[in-house]
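A closer look at the structure
One letter stands for each residue in the lines below.
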Amino acid sequence: MDPGEPHRIRWAVGLTRTGMWWEALAAAFWPLGVLLALVLAALAFGVTDLFSSRALIWLMGLVALAAVLAFGWGVRRFRRPSAAAARLRVDLTLPGRPLSALRDRLAVGAGDGGADALWRAHLARMERAAAAARPVAPDARLRWRDPVALRLVGMVALVMALIFAPAGQLGQGLAALGATFRPTPEARSGAEAGPSWEGWAEPPAYTRRPTLYLNALPQGQRLELPKGSKLSFRLYGEGAEIAQDIGAAVPGGEPSAPEFMAERDGVIEVAGRRFEVTVLPDAAPVVAPGKAPERRADGRLVQEFTASDDNGIAAGQAVIMLDLDAVDRRFGLALDPEPREAVELDLPLPATGSRKQVRGRLVGDLSRHPWANLPVTISLKVEDGIEQQGVSAPMRMVLPGRRFFDPLAAALIEVRRDLLWSRDNAARSAELLRAASWQPEGFMDEALFNGLRGAIGTLESGNLNEDLNEEARNKLAQLLWDAAVALEDGGLADALERMQQAQERLSEAIRNGASPDEIQRLMDELKQATDEYLDMLAQQQGEDPAERFDRSPQNRQQITGDQIQQMMDEIQRLMNEGRMAEAQELLEQFNRMMQNLRVTQSEGGEGGRQRPMNRLAETLRDQQKLADEAMRQMQDRFGQWQPDGQQDQEGQGEEGQGNQQLADRQRELREDLGRQRGLLPGRGTPQGEEAGRQLDEAGRAMEEAEQALREGDAAGAMERQAQAIQSMREGMRALGDMMAQDQQRGQDGQPQQGGQESGPEGPSGDPRGQRGLAQPYDRRPQTDPLGRALSGDGGSITSGDPLAEGGDPSRKARELQDEIRRRSGERERPRDERDYLGRLLENF
């Protein structure tokens, strides 16, 4: 390389030549590299343990021969790259080959002034072109030389060996090869002798401890091994012996390769080396339950537990048995139960990592088991790698199961329980079903009635062993369960399934990178399914307060439909911004939240009312926005008013189109208000009747406003919209007063209003009240539909403003706003006055 060349050129040519060295070596010796990678991977995974010494000699001979052939093949094809070749490669990448041009000499016209000037100009241009020299990336073209990708096989094998092979196994394999080819003492002819033995200590696999190479241990080090460890030795030459007293020899071992198990403390002596061995006993595992078992709203059992073992837990179960002494032996349970095996549920254990200390949670669905809602005992059992067991003390509990509050559904579940308890209850169960299905008109559909009549016929057949065998009884129990669920949920189960399917489809689409249009469609389906499920859940009757799972109200957090909608809006926003990973994580959190969603008795009964009233408040806000847009459109129109009454035809066309759009939106709001009208609480109460009357007035005003917009009467439309807004506010105020009175009565111990005056068990003696949605997600201050905060001391309403504790200044402000809006819509008023009124409205 010319030292007078610029540094950039020398740097580009040097790096290019280095890459050409790699190309030449890779092209010539890649078969040798693949062979060495495969050999090292095989040694790392312990291939030497699979062959005898003789077989290893033959195998390594073949490997050595292959390596020699590959090396010779590479030497024949190796070509040393030169600096000139590297310079030429760089030169070919530049326009005009400036590096070659810079070494040219002027052959004709030397000494001529014009020719010399032209030549100098040419060299200057080539120098500028050479300044752009860059190193050329190497390319060994192995894809053409190795069409079957053997190089990738070797690379993958080597990487897997580095990641997954046991620690120290490669060194042990190389040592084993060295011992195989090591000559005997006679062959060494007096040369210095190496070690005449090798040994390994392999702990049991379940301990997850590494294998020890005994030759590498320091002299005098005490050897501590788990009980059951296998010690393997290889003795070379004559006179090598081993003595030990720690355990019995493994049958079938060769004299030169003895193996034995570590069972007790002792000493091993081999070829002058002495090892003192301490055998570590394997302690029995220990398991303990966490806090008392919990029951989820869907009837699932939740049990926390902790387990520990010195070497790791191998398996665990929760054993559930019927506590017959604690069963109330009356009615269908008076007979002796048919024998059933104990229920065993596998404890969840970590798939990776250490299992020496395990903390987990068992979740099991036994809501359909014959022992559901009956006293049982539950014991936790774990075992280690040698099948030692640890068992916790039995806990007494009532096995969680689903609760049914519909009277007919509860009766069907009781009949099902009695049949599963004993088939001798067939006659009694038939009588109960006859009583339940007597005069079914009005409360039982034809399909359910026919199903119960068929069940009665089976139960009254008289031959229990043939007509009511195990299979027939299980089918009958399933029929009764399905009927009870249909009666209790009233389609809620189908709505929940549709919502879960929509969640799964959206999650799968996000994971698979679906198109934005597809994700948006699935998101819309999820929103619709969630709204349907929450609407049906809110309309369900209340549950018995004694059946709450969390007895402490301070530990329960409330979530409203608006908060659920906010969470779905956040998922939508993340997907729109392309943050799919965050959207997926939030969707999984949403799924868990909806799975744990449950209906609880709410204080004052406002929880069940909160969702429809929130929707009503949202409709009110939409109506106010629509009225403001109608007013601005009218202001724009009369801002172009001319004294002669003539208006631009194009402006009239645009105005007509705008009126139609506003009319369509007004119709949608009116229809939405009509749908909400049937979902509002408080039927049968004075405040509820007043709210219904005001909302009916609002609906009629919306209809008249829609008609006025279609006819182009903007002022009339604004007047009707103001009436609709006022009526909706009055209706919501009546509902807010009703909720406050309900809370006050709840504090005073008086019956609450839930559609009519209720006794201690709810309306008309029905042990079901209003329900709210409770879920541990977010604790937020509760508000009424008018935005006022509900305090925690009996449901009193406060806005935090001292002025609001007396009169209602906000009501006067709203009345003033409505009056200003009405006056600004009157055409006969001067334009300056209407502009002033418009500016006043902007301040509201």
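Residues numbered from 1 in each chain as written. Predicted model: local features only at pLDDT ≥ 70, side-chain atom pairs only at ≥ 80, totals over all residues. Heavy atoms only, no water.

**Describing the overall build of the protein chain**
Inclusion rule: Note on conventions: DSSP H or I runs of at least 4 residues are helices, E runs of at least 2 residues are strands, and numbering of each starts at the N terminus. Any two residues having at least one pair of non-hydrogen atoms within 4.5 Å are treated as being in contact. Each accessible area value is a Shrake-Rupley result obtained with a 1.4 Å probe; residue values ignore everything except the protein chains displayed when judging cover.
Helix and strand content of the protein chain: 24 helices and 23 strands. Contacts spanning at least 24 positions in sequence make up 72% of the contacts within the protein chain whose residues lie at least 6 apart. Of the roughly 46,000 Å² of accessible surface on the protein chain, 52% is carried by carbon and sulfur atoms.

**What about the sheet that holds strand β1 (residues 197-202)?**
Stated precisely, the cut-off is as follows: Here the rule is simple: two strands pair whenever DSSP picks up at least two bridges between them.
Sheet architecture is open: 4 strands sit in the order β2-β1-β4-β6, paired in antiparallel fashion. Two strands close off the open sheet at either side, each with one partner strand: β2 (212-213) and β6 (259-261). In this structure, β1 lies alongside β2, joined through 2 bridges in antiparallel fashion. Across the sheet, Ala201 pairs through a bridge with Leu212, a residue of β2.

**A look at the pairing of strand β13 (residues 343-346)**
The line we're drawing: Buried residues are those whose accessible area, probed at 1.4 Å on protein chains only, stays under 20% of the maximum for their type, while exposed residues exceed 50% and partly exposed ones sit between those limits.
Along β13, the buried face is formed by Val343 and Leu345; none of Glu344 and Asp346, which line the opposite face, is buried. Bridge analysis of strand β12 (residues 315-322) against β13 gives 4 bridges, and the strand direction is antiparallel. Across the sheet, Gln317 pairs through a bridge with Asp346, a residue of β13.

**So, the nonpolar core**
Grouped burial of nonpolar side chains is what soluble globular proteins tend to show. As a reminder of what qualifies: Take the buried Ala, Val, Leu, Ile, Met, Phe, Trp, Tyr and Cys residues and link them wherever side-chain atoms come within 4.5 Å; each set so joined is a nonpolar core.
Leu506, Leu526, Met575, Phe590 and Met594 are the most contacted members of the largest nonpolar core, which has 25 residues in total. Elements with a minimum of two residues in this core: α15 (492-511), α16 (516-539), α17 (561-576) and α18 (580-595). Ranked by residue count, the leading element in this core is α16, at 7 residues. Core analysis: the second largest hydrophobic core is formed by 24 residues, Ala430, Leu433, Leu448 and Leu459 among them.

**Examining the sheet that holds strand β8 (residues 273-280)**
Heads up, the condition is: With axes taken as lines fitted to C-alpha atoms, and helix axes fitted only over the stretch in contact, angles between N-to-C directions fall between 0 and 180 degrees.
Spatially, the 4 strands line up as an open sheet ordered β3-β8-β7-β5, and their pairing is mixed. The sheet is open, and its two edges are formed by β3 (223-226) and β5 (242-244), each paired on a single side. Direction aside, the axes of adjacent strands within the sheet are offset by 25° on average. Relative to β8, strand β7 (residues 266-270) is paired through 5 bridges, and the arrangement is antiparallel. In the strand pairing of β8, Val270 is matched with Arg273.

**So, the packing of aromatic side chains**
The relation between two aromatic rings is expressed through the spacing of the ring centres and the mutual angle of the planes. Put simply, the rule reads: Classification of ring pairs uses Phe, Tyr and Trp, with its six-membered ring standing for Trp, and accepts pairs whose centres are within 6.5 Å; under 30 degrees between planes counts as stacked, over 60 as edge-to-face, and the remaining range as tilted.
With the rule as written, the count across this model stands at 7 aromatic pairs. With centroids separated by 6.1 Å and ring planes inclined at 45°, the aromatic side chains of Trp197 and Phe233 adopt a geometry described as tilted. In this pair, Trp197 sits in strand β1 while Phe233 sits in strand β4 (residues 230-235), placing the two residues 36 residues apart along the sequence. According to the relative accessible area criterion, Phe233 is buried, its value standing at 1%. Ring-pair connections join several aromatic residues into one group, and the members of that group are Trp21, Phe29, Phe71 and Phe78.

**Things to note about unusual backbone geometry**
The backbone of Arg97 shows a phi angle near 50°, a positive value even though the residue is not glycine. Unlike most non-glycine residues, Asn373 shows phi in positive territory, near 65°. Summarising the element assignment, Asn373 is placed in the loop between β14 (357-365) and β15 (375-383). Taking relative accessible area as the criterion, Asn373 reaches 25% and is therefore assigned partly exposed.

**Section: the packing of helix α11 (residues 426-436) against helix α12 (residues 446-459)**
Between two packed helices, the angle of one axis relative to the other and the distance separating the axes together describe the packing. We apply this condition: We call two directions roughly parallel when the angle between them is under 35 degrees, roughly antiparallel when it is over 145, roughly perpendicular when it lies between 65 and 115, and oblique otherwise. For any pair of crossing helices, the crossing counts as left-handed if the nearer helix is rotated counterclockwise from the farther one by less than a right angle, and right-handed if it is rotated clockwise. Note on residue categories: nonpolar means Ala, Val, Leu, Ile, Met, Phe, Trp, Tyr, Cys or Pro, charged means Asp, Glu, Lys or Arg, and polar means any other residue, Gly included.
α12 packs onto α11 with a crossing angle of 155° between their chain directions and a minimal axis gap of 9 Å. By the angle class used here, α11 and α12 are roughly antiparallel. At the point where α11 passes α12, the crossing takes the left-handed sense. Of the residues in α12, those touching α11 at Ala426, Ser429, Ala430, Leu433 and Arg434 are Leu452, Arg453, Ala455, Ile456 and Leu459. Among the residues forming the contact of α11 with α12, the class breakdown is 7 nonpolar, 1 polar and 2 charged.

**Remarks on helix α3 (residues 83-92)**
Put simply, the rule reads: Along the arc lie the directions from the helix axis toward the C-beta atoms.
Restricting attention to buried positions, one finds in α3 the residues Ala86, Arg87, Val90 and Asp91. Around the axis of α3, the buried residues are gathered within 135° of arc, so they sit on the same side. Away from its buried face, by an angle of more than 90 degrees, α3 presents the exposed residues Ala84 and Leu92. Tucked into the core, α3 has its buried residues touching α1 (7-44) and α4 (98-102).

**Overview of the pattern of salt bridges**
Two side chains of opposite charge can pair, provided their charged atoms sit close to one another. What counts, and what does not: Salt bridges are defined by distance alone: a side-chain nitrogen of Lys or Arg within 4 Å of a carboxyl oxygen of Asp or Glu.
Using the criterion set out here, one finds 30 salt bridges in the structure. Salt-bridge contacts for Asp336 lead to Arg329; the nearest nitrogen and oxygen are separated by 3.3 Å. Relative accessible area serves as the criterion here: at 63%, Asp336 is assigned to the exposed category. A residue is classified by how much of its surface remains accessible, and Arg329, at 29% relative accessible area, is partly exposed. For Glu471, the salt bridge is made with Lys475, and the minimal N-O distance between the two is 3.6 Å.

**Let's talk about the packing of α1 against helix α7 (residues 150-164)**
Close contact between α1 and α7 brings their axes to 8 Å; oriented N to C, the two are set at 30°. Judged by the inter-axis angle, α1 sits roughly parallel to α7. Crossing geometry of α1 relative to α7 is assigned as left-handed. Residues Trp30, Val34, Ala37, Leu38, Leu40, Ala41 and Ala44 of α1 touch α7, and the partners they reach there are Leu150, Arg151, Val153, Gly154, Ala157, Leu158 and Ala161. Across the contact of α1 with α7, the residue classes break down as 12 nonpolar, 1 polar and 1 charged.

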